[in-house]
Amino acid sequence: MLKLVVLSDLHLRPEGVLSHGLDTHDRLVQGIDWLNRMHSDADLCVLAGDLVDLGEKEAYERLKHQVVRAKVPVEMTIGNHDDRDTFVSVFGDKVLSETGHVDKAIDVKGYRIIILDSAITGEPAGRLEPAQLTWLAARLDEAADKPVIVVIHHHANPLMTRVDKIILQNGMAFAQVLSRHKDIRQVIAGHVHYTSTAIWKGIPFTTVAGGHYSVQAMLDPEKPVPRLTGPAQMAVILGGKDGTTVHFDDYINGNPVLSVG
Ligand SMILES: [Fe+2]
């Protein structure tokens, strides 16, 4: 069985600097500790972008120090808060595919995991470039006999709330490419800092709350949205031959224990 862990929206800053009043480095330390304690049997952990908050080099170096502590292999892509060039300067140009983006395909336990870089420099919304869509089509075609999980920073499916202002701009084109594969098990995103699941265009989509602040579901378009200190959350995806399940594992500010049974 495949076990894949996805963390997102780490929003690291340089030492001593908080983000929205939170020590995001300390939260990542707790996240890696949790990963090592609870999920050291995972096949892979993917960090789904907004790795740092303002693209600072020192923040990427702090990330690197935490990634090497993980007891499972870690892969990454970037989000709208990242700076692609600075990320590459710290992690090396092997993180880039031939698309020039932080895209990668990994085969594990009979699954194909595809990681996509949806960041547009300087913009909160996302996009996949034509070269990336062509690359994605090729990666899907060569894995026609395998179930596929895609990890991408931006949500492609409309959540029907105000976060759709910062959605993946060419989600329809993305969905059209995905539709060439008959067994897309999940498309997992971060970006919106809250949990959702959906079927869109016949494909299952999920967002994970991630490591930074979370927000309440924005169901009232008029109401201000409070930022919450938690939960900080990772998605734990268990994949068998016939089915794939996403669990949401809160590692900060989860529910207090009522009893143990
Ligand atoms: Fe974020």
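Reference entry: report on the structure contained in this document. (Residues numbered from 1 in each chain as written. Predicted model: local features only at pLDDT ≥ 70, side-chain atom pairs only at ≥ 80, totals over all residues. Heavy atoms only, no water.)

For the rest of this paragraph, the subject is the overall build of the chain. Looking only at helices and strands, one finds five helices and 15 strands in the chain. Computed over the C-alpha atoms, the radius of gyration of the chain is 17 Å, within 12% of the 18 Å expected from 2.2 N^0.38 for a compact globule of 261 residues. Overall, the C-alpha framework of the chain stretches about 50 × 45 × 45 Å when taken along its three principal axes. The proportion of buried residues among the 261 residues of the chain is 58%. Considering only intrachain contacts with a sequence separation of at least 6, the fraction spanning at least 24 residues in the chain is 70%. (Helix = DSSP H or I, 4+ residues; strand = E, 2+ residues; numbered from the N terminus. Rg over C-alpha atoms; globule rule 2.2 N^0.38 Å. Buried < 20%, exposed > 50% of the residue type's maximum accessible area, 1.4 Å probe, protein only. Contact = heavy atoms within 4.5 Å.)

Below, the discussion takes up the sheet that holds strand E9 (residues 184-189). Hydrogen bonds between backbone groups are what pair the strands of a sheet, and the pairing can be parallel or antiparallel. Across the sheet, which stays open at both edges, the six strands sit in the order E4-E5-E8-E9-E11-E10 with mixed pairing between neighbours. Whereas interior strands pair on both sides, the edge strands pair on one side only; in this sheet they are strand E4 (104-108) and strand E10 (196-200). Adjacent strand axes in the sheet meet at a mean angle of 20° when their direction is disregarded. Examined bridge by bridge, E10 and strand E11 (residues 203-207) share five bridges and lie antiparallel to one another. Across the sheet, residue Thr 197 finds its bridge partner in E11, namely Thr 206. Sheet contacts for helix H5 (residues 171-178): strand E5 (111-116), strand E8 (148-152), E9, E10 and E11; angle to E11, the most-contacted strand, approximately 130°. (Pairing = 2+ DSSP bridges. Axes fitted to C-alpha atoms, helices over the stretch in contact; angles between N-to-C directions.)

This part covers the packing of aromatic side chains. Following the criterion strictly, the structure yields three aromatic pairs and no others. Ring geometry for Phe 87 versus Phe 91: centroids 5.0 Å apart, planes at 35°, classification tilted. Residue Phe 87 and its partner Phe 91 are located together in helix H3 (residues 84-91), separated by four residues, close to a single helical turn. Per residue, the accessibility class of Phe 87 equals that of Phe 91, and both read buried. Among the aromatic residues, those joined into a cluster by ring pairs are Tyr 60, Phe 87 and Phe 91. Sitting over the ring of Phe 91, Lys 64 keeps its end group 5.8 Å from the ring centre. (Phe/Tyr/Trp six-rings, centres within 6.5 Å; stacked < 30°, edge-to-face > 60°. Lys NZ or Arg CZ within 6 Å of the ring centre and 35° of its normal.)

These figures come from the coordinates and say nothing about function on their own.
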